[in-house]
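A closer look at the structure
As a plain string of letters, each chain reads:
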Amino acid sequence: MNRRNRSGSFVLLAVAVGAHLLDHQATVAEWAFLVFNFLIYPQLAYWRAHRAADQMTTELDNLIVDSAFFGIWLAHLHFPVWITFTMAISTTINLTVFRGRLGTGQAFLGLGLGILLMTPFSGLSLAPETNALTTGLCVTGLTLYLLTVGEGAYGRAIKLHEAQEKQRESEHALASANGALQQQLSEIKLLQDQLRQQANHDALTGLYNRHYLSATMERELARCRREGLPVSVLLIDIDHFKQVNDRHGHQAGDEALRQLANMLRAHARAADIVCRYGGEEFLLVLPGMAKETACERAEAYRAEFARTTLSHGATPIRCTLSIGVSVVPEHGATPEEVIAQADEALYRAKAQGRDQVMVAEAVHEAA
């Protein structure tokens, strides 16, 4: 609220106008109006603005009323130069500070309105002279007023600067928090990817695991069934794997598993599902591949792995594969059936000497 500034500046104006009235033998009515306008009215203006719903707008409107009162005094006193200059400057600066060019226009409008209201009673004439006391009081009052306005502007500038600094600090803190949050989200996403990778992949070989097979094989069989395509299944086992572990150690066994996994991965198509089924067993789901082609693929795996030498220590290690082959729909319609038939074929391959490929014998009608 502008109570302090208005009250102080109006007291200074009252002293200057009073000095001028003393020099011109003022009437009781003039003194009464001076007391009302410069001492009582500022409190009424404060009371009106204080109780208004929109205090800022009401107070700015009060500044226009100030201009009108100044216009009444200027017309009544016949425009003494220093009093006119002091009142016109102070009211114009007040409104311009808060409303810009609109405020400047409103200040002149208020002054003009006051002059028009008073002209019928006092006439429109000029008496620009002021005595030395009045002039000195106007200069002093105007100087103090301008210093007060400047100090207020400086205070507002400091507060604005502090607010901007706080805003920048808040924005910096927010940016830092946002960066930390983004980093946490990235870490969470990476962790989720890692967990998903661990949930679906075998840690030793990097191939899909049995969990992933259970989640996808039924869907793949259903797709091929709709499209009328066969699905071949290869169940692969490393021969005498226990002996490899016993003779050469588990690290050698792990190397054999990784070597086989790399070979299977290298020859897999994009649609193939290559899994470590358990222990030394690997299972391949080959969508759209007929039995004859699947047998050729299995034989190629067997032959290549038999030629592979595992590098582990000073002793070269060679391993062979036994492979069972089954086909959907010839050997079953569900994942359980077709895997069981591939397992049966694998058992026969091992029973008949290992290092060979066997095809399932059981025949089922397509579902």
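Residues numbered from 1 in each chain as written. Predicted model: local features only at pLDDT ≥ 70, side-chain atom pairs only at ≥ 80, totals over all residues. Heavy atoms only, no water.

When its secondary structure is counted, the chain shows 10 helices and 7 strands. Since a compact globule built from 367 residues should have a radius of gyration of about 21 Å, the 50 Å found for the chain marks it as more spread out than a globular shape. Along the longest, intermediate and shortest principal axes, the C-alpha atoms of the chain span 140 × 50 × 30 Å. Here the chain holds 367 residues, and the buried ones make up 39% of them. (Helix = DSSP H or I, 4+ residues; strand = E, 2+ residues; numbered from the N terminus. Rg over C-alpha atoms; globule rule 2.2 N^0.38 Å. Buried < 20%, exposed > 50% of the residue type's maximum accessible area, 1.4 Å probe, protein only.)

Below, the discussion takes up the environment of Asn-2. Note on placement: Asn-2 falls in the segment before α1 (3-23). Note: C-alpha distance between Asn-2 and Leu-116 (114 residues apart in sequence) is 27 Å. Look past the residues within four positions of Asn-2 in its chain and what remains in contact with it is Glu-59 and Leu-63. (Contact = heavy atoms within 4.5 Å.)

Below, the discussion takes up unusual backbone geometry. Put simply, Val-328 and Pro-329 share a cis peptide bond, and its omega is 10 degrees. With respect to the secondary-structure elements, Pro-329 resides in the loop between β6 (321-328) and α10 (335-351). For Gln-25, which is not glycine, the phi dihedral falls at a positive 50 degrees. One can find Gln-25 in the loop between α1 and α2 (28-50). One non-glycine residue, His-78, lies in positive phi territory at about 65 degrees. Relative to the assigned elements, His-78 resides in the loop between α3 (55-77) and α4 (81-122).

Here the focus is the packing of helix α7 (residues 241-248) against helix α8 (residues 250-267). Two elements in contact, α7 and α8, have axes separated by 6 Å at closest approach and are oriented at 140 degrees. Comparing their axes, α8 and α7 come out oblique. Contacts between α7 and α8 involve Phe-241, Val-244, Asn-245 and His-248 on the former and, on the latter, His-250, Ala-252, Gly-253, Ala-256 and Leu-257. Looking at the contact of α7 with α8 residue by residue, the class counts come to 5 nonpolar, 4 polar and no charged. (Axes fitted to C-alpha atoms, helices over the stretch in contact; angles between N-to-C directions. Parallel < 35°, antiparallel > 145°, perpendicular 65-115°, else oblique. Nonpolar A, V, L, I, M, F, W, Y, C, P; charged D, E, K, R; others polar.)

What characterises a pair of aromatic rings is the spacing of the ring centres plus the angle enclosed by the ring planes. For the structure shown, the criterion picks out 10 aromatic pairs. Between Tyr-208 and Tyr-212, the ring centres sit 3.7 Å apart and the planes meet at 10 degrees, which makes this aromatic pair stacked. Between Arg-210 and the ring centre of Tyr-277, over which it is positioned, the NZ or CZ distance is 3.9 Å. (Phe/Tyr/Trp six-rings, centres within 6.5 Å; stacked < 30°, edge-to-face > 60°. Lys NZ or Arg CZ within 6 Å of the ring centre and 35° of its normal.)

So, about the pattern of salt bridges. Taken as a whole, this structure holds 18 salt bridges when the rule is applied. Two residues, Lys-350 and Asp-237, come together in a salt bridge whose shortest N-O distance is 2.5 Å. Within this pair, whereas Lys-350 is found in helix α10, its partner Asp-237 is found in strand β1 (residues 231-238), the two being separated by 113 residues in sequence. We classify Asp-237 as buried; its relative accessible area is 4%. Between Arg-302 and Glu-299 there is a salt bridge, with the nearest N and O atoms lying 2.5 Å from each other. In this pair, Arg-302 and Glu-299 are both assigned in helix α9 (residues 291-307), 3 residues apart and thus about one turn of the helix distant. Counted as one network, the salt bridges with shared partners bring together Arg-6, Glu-59 and Asp-66. (Salt bridge = Lys/Arg side-chain N within 4 Å of Asp/Glu carboxyl O.)

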